[in-house]
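Examining the three-dimensional arrangement
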Amino acid sequence: TESLSVGELAKKLGREPSEIIKKLFMLGVMATINQELDKDAIELICADYGVEVEEEIKIDVTDLEVYFEQNEEDGADLSERPPVVTIMGHVDHGKTTLLDSIRQTKVTEGEAGGITQHIGAYQVVDNGKKITFLDTPGHAAFTTMRARGAKVTDLTILVVAADDGVMPQTVEAINHAKAAEVPIIVAVNKMDKPTANPDRVMQELTEHGLVPEDWGGDTIFVPVSALKGEGIDTLLEMILLVAEVAELKANPKRRAMGSVIEAQLDKGRGSVATLLVQDGTLHIGDPIVVGNTFGRVRAMVNDIGRRVKEAGPSTPVEITGLNDVPQAGDRFVVFEDEKTARQIGESRSSAAAVENRTEKSRVTLDNLFEQM
Ligand code: GTP
Ligand code: MG
């Protein structure tokens, strides 16, 4: 910002113009509400409110990404990473049942005891290869993540009940995935039902651009019964196949970055956040900025409730140690030292607070006008 009027600055700071005018008066400047202020004057006032001018303008989430990109240490260390998969589909078509079924099929006996944990994402191993599933409903994941500009999904499973066919939310899911340029695998579910009609599902989806391979297209269709656990192995195979073609890569040797899957305040543990590491490796003790929060990774727990010391690319982990609760879809980046993480975290949070106050006052004004 090169220049702002007293009124505009007051609005940005969420203060009364008279308060700013008073402050300027104390500084020996007589000003009116329409008076233009130069950069120095703006900085002076902002400093008085403990707000950093630069940060106030760009609290964009992309900042963290830009930082991460600029700090690429060694691009040669890329290696294969597991695919991150979400499940989408119309109400009652079997998304939750499918997620449960996949999880149960692939849980090894030794881990069965730990399955009480729920962190919003989990990993399975199929033929020695990992797959990460996001547990959040696909639509919600796409909407919040996209609103924050984060891309977390590599692949989406579109669940369509064979006895019901393509429904409004099926179409919506297709549109979400297409907009995000995420490949779709169709799971034709409820095949155990006598009324199942997979041909109809294929026919209807063809009209939406998802043409089965058998019909000359390139969409993979897998008939499954989530309830009976049938077809799950084939589905997982197909996921790995699509992932292989996509050549998903990350550098496990660099400092971590990724996204928040979910977060909440826990009475005993404080701020608890489930993070998806998307690149690099996250370690206990890492100085981290998560959205507008910051801290040091105090404890890390994996999807089966075990404490871990590190988490590589495509791994979901639950962490504690943040000063506040971040939001789903927020980006996180690990910094070299705690001081930098703290500085960036603090300026992001105060910038966000200003933005928030401004938003609020705007709404109030609008409401006032509406009532008049
Ligand atoms: P929402 O979360 O409400 O959108 O539903 P959902 O897509 O998660 O569906 P959910 O898994 O809850 O399944 C809905 C109903 O369909 C439940 O009663 C399931 O038991 C049933 N169901 C799911 N998969 C199958 C299947 O393969 N066969 C049969 N017969 N029923 C199934
Ligand atoms: Mg469900």
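One can find the structure itself at the top, above this paragraph.
The structure reproduced in this document is the subject of the present report. (Residues numbered from 1 in each chain as written. Chains lettered and ligands numbered in written order. Predicted model: local features only at pLDDT ≥ 70, side-chain atom pairs only at ≥ 80, totals over all residues. Heavy atoms only, no water.)

1. Considerations on the overall build of the protein chain
A tally of helices and strands in the protein chain yields 11 helices and 18 strands. Across the protein chain, contacts joining residues at least 24 apart in sequence account for 74% of those joining residues at least 6 apart. By element, 50% of the accessible surface of the protein chain is carried by carbon and sulfur atoms, the whole surface being about 18600 Å². (Helix = DSSP H or I, 4+ residues; strand = E, 2+ residues; numbered from the N terminus. Contact = heavy atoms within 4.5 Å. Areas by Shrake-Rupley, 256 points an atom, 1.4 Å probe, with all protein chains shown as cover.)

2. Considerations on the sheet that holds strand β11 (residues 257-266)
Strand order in the closed barrel formed by 6 strands is β11-β12-β17-β15-β14-β18, and the pairing between neighbours is antiparallel. Across the sheet, the axes of successive neighbouring strands diverge by a mean angle of 45°, strand direction being ignored. Bridge analysis of strand β12 (residues 270-279) against strand β17 (residues 316-322) gives 6 bridges, and the strand direction is antiparallel. For L275, the partnering residue across the bridge sits in β17 and is V317. (Pairing = 2+ DSSP bridges. Axes fitted to C-alpha atoms, helices over the stretch in contact; angles between N-to-C directions.)

3. A short note on the packing of aromatic side chains
For the coordinates displayed, the defined rule picks out 1 aromatic pair. One Lys or Arg, K23, reaches over the ring of Y49 and ends 5.0 Å from the middle of that ring. (Phe/Tyr/Trp six-rings, centres within 6.5 Å; stacked < 30°, edge-to-face > 60°. Lys NZ or Arg CZ within 6 Å of the ring centre and 35° of its normal.)

4. A look at a nonpolar patch on the surface
Where nonpolar side chains cluster on the molecular surface, the patch consists of F25, M26 and M30 and spans about 420 Å² of accessible area. Residue placement: M26 occurs in helix α2 (residues 17-26). Here M26 falls in the exposed class, since its relative accessible area comes to 68%. (Patch = residues over 30% accessible without salt bridge, like charges linked within 9 Å, V, L, I, M, F, W, Y side chains within 5 Å. Salt bridge = Lys/Arg side-chain N within 4 Å of Asp/Glu carboxyl O. Buried < 20%, exposed > 50% of the residue type's maximum accessible area, 1.4 Å probe, protein only.)

5. Describing the side chain of H90
Within the secondary structure layout, H90 lies in the loop between β4 (84-89) and α6 (95-106). Polar contacts involving the side chain of H90 include one to the main-chain amide nitrogen of Q169, which spans 3.2 Å. Once residues lying within four places of it in the same chain are set aside, the contact partners of H90 are K95, V159, M167, P168, Q169 and T170. (Polar contact = N/O pair within 3.5 Å; in protein donor to acceptor, adjacent residues only side chain to side chain.)

6. Comments concerning helix α1 (residues 6-13)
V6, G7, L9, A10 and L13 are the residues of α1 that are buried. Looking straight down α1, one finds its buried side chains confined to an arc of 165°; they lie on one side. Positive phi shows up at G14, right after α1, with a value of about 70°. (Arc of directions from axis to C-beta.)

7. With respect to the side chain of H93
Structurally, H93 is set in the loop between β4 and α6. Side chain to side chain, H93 and D164 meet in a polar contact 2.8 Å long. Beyond its immediate chain neighbours, meaning those up to four positions away, H93 contacts V159, V160, A161, D164, G165, M167, T170, N189 and K190.

8. Focus: the site of ligand 1
Looking at ligand 1, there are 15 residues lining it, with K95, T96, T97, K190 and D192 nearest. With respect to ligand 1, the side chain of S225 contributes an N or O atom lying 3.3 Å from an oxygen atom. With respect to ligand 1, the backbone of L227 contributes an N or O atom lying 3.2 Å from an oxygen atom. Isolated, ligand 1 exposes 650 Å² of accessible area, and the fraction of that covered by the protein chains is 70%. Here the element with the most residues in the shell around ligand 1 is α6; it accounts for 3 residues. (Near = heavy atom within 4 Å.)

9. So, the packing of α1 against α2
Between α1 and α2, the shortest axis-to-axis distance is 8 Å and the interhelical angle comes to 115°. One finds that α1 runs roughly perpendicular with respect to α2. Between α1 and α2 lies a crossing whose hand is right-handed. Between α1, through V6, L9, A10 and L13, and α2, the contact on the second element is made entirely by P17, I20, I21 and L24. Residues of the contact of α1 with α2, tallied by class, amount to 8 nonpolar, no polar and no charged. (Parallel < 35°, antiparallel > 145°, perpendicular 65-115°, else oblique. Left-handed = near helix turned anticlockwise from the far one by under 90°. Nonpolar A, V, L, I, M, F, W, Y, C, P; charged D, E, K, R; others polar.)

10. As for the sheet that holds strand β6 (residues 129-134)
Across the sheet, which stays open at both edges, the 6 strands sit in the order β5-β6-β4-β7-β8-β9 with mixed pairing between neighbours. Only two strands of the sheet have a single partner each, and these edge strands are β5 (121-126) and β9 (220-223). When the angles between neighbouring strand axes are averaged without regard to direction, this sheet yields 30°. Sheet analysis places β4 next to β6, joined by 2 bridges and oriented parallel. Opposite V85, over in β6, you have F133 as the bridge partner. Running over the sheet, helix α9 (residues 198-206) touches β7 (155-161), β8 (184-189) and β9 and is turned about 125° from β7. The strands touched by helix α10 (residues 232-246) within the sheet are β4, β5, β6, β7, β8 and β9, with β6 carrying the most contacts at an inclination of about 100°.

11. Topic: the nonpolar core
Within the largest apolar cluster, 24 residues are counted, with the highest numbers of intra-cluster contacts made by L98, I102, F133, I157, I185, L235 and I239. Taken together, the elements giving at least two residues each to this core come down to β4, α6, β5, β6, β7, β8, β9 and α10. Looking at which element gives the most residues to this core, the answer is α10, with 6 residues. (Core = buried A, V, L, I, M, F, W, Y, C linked by side-chain atoms within 4.5 Å.)

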